[in-house]
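# Architecture at a glance
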Amino acid sequence: MPDFTIQRDHSLGIDGARQLARHWAHHARRQHEMDCRIRAEDDCERVAFERTGVRGELIATADRFKLTVTLGFLLSGFSDRIRSEIEKNLDAAIAKATAASGGDAGAAKGELS
């Protein structure tokens, strides 16, 4: 099964990262019918997600988002397109959250919403 990892540095701090991770999980549930389980830890927020053909985890720390995805056979042919869309959306979400927090929007590498 095709796997990929996306990592993005940010300047939101742990509270901002937690908030963005929860927003991401809500969006994944609503838009993509993902089953998301959020687990708060001392130093990060973990969002495990899955639905038929895809599963993965988003880990949000004080300075980085790490998203790992495993695609099933039927979606593996769309791996590049799926990865590109996730990167675009993540980068946009980080940039938006950074701008809203009054931080440096340039600190985000890429976008996600």
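A brief look at the structure comes next. (Residues numbered from 1 in each chain as written. Predicted model: local features only at pLDDT ≥ 70, side-chain atom pairs only at ≥ 80, totals over all residues. Heavy atoms only, no water.)

So, about the environment of K66. Looking at where K66 falls in the secondary structure, it is placed in strand 5 (residues 64–71). According to the relative accessible area criterion, K66 is partly exposed, its value standing at 36%. Remark: the alpha-carbon pair of K66 and R46, spanning 20 residues in sequence, is separated by 9.7 Å. Apart from residues no more than four positions distant in its own chain, K66 is found in contact with T5, I6, Q7, E57, L58 and I59. (Helix = DSSP H or I, 4+ residues; strand = E, 2+ residues; numbered from the N terminus. Buried < 20%, exposed > 50% of the residue type's maximum accessible area, 1.4 Å probe, protein only. Contact = heavy atoms within 4.5 Å.)

Turning to the pattern of salt bridges, a few remarks are in order. On inspection of all chains with the given rule, the structure shows 12 salt bridges. Across the pair E87 and R8 runs a salt bridge whose closest N-O atoms are separated by 3.9 Å. In this pair, E87 is assigned in helix 3 (residues 79–100) and R8 in strand 1 (residues 3–9), connecting sequence segments 79 residues apart. The exposure class of E87 is partly exposed, given its relative accessible area of 21%. Owing to a relative accessible area of 13%, R8 belongs among the buried residues under this scheme. Where R64 meets D9, a salt bridge forms, and the shortest distance between an N and an O atom there is 2.8 Å. You can see R64 sitting in strand 5 and its partner D9 sitting in strand 1, a full 55 residues away along the chain. Taken together, the shared-partner salt bridges connect R8, R83, E87 and D91 into one network. (Salt bridge = Lys/Arg side-chain N within 4 Å of Asp/Glu carboxyl O.)

Taking 1.5 Å of rise per residue, the 22 residues of helix 3 would be expected to cover 32 Å, and the 31 Å separating its terminal C-alpha atoms lies within 8% of that figure. Those residues of helix 3 that are buried lie in contact with strand 1, helix 1 (13–32), strand 5 and helix 2 (73–76). Directly beyond the C-terminal end of helix 3, a positive phi value near 80° is found at G102. (Expected span 1.5 Å × (residues − 1).)

Counting 24 residues, the largest nonpolar core has F65, L67 and V69 as its most contacted members. Only strand 1, helix 1, strand 3 (45–51), strand 4 (54–60), strand 5 and helix 3 provide two or more residues apiece to this core. In terms of residue count, helix 1 provides more of this core than any other element does, 6 residues in total. (Core = buried A, V, L, I, M, F, W, Y, C linked by side-chain atoms within 4.5 Å.)

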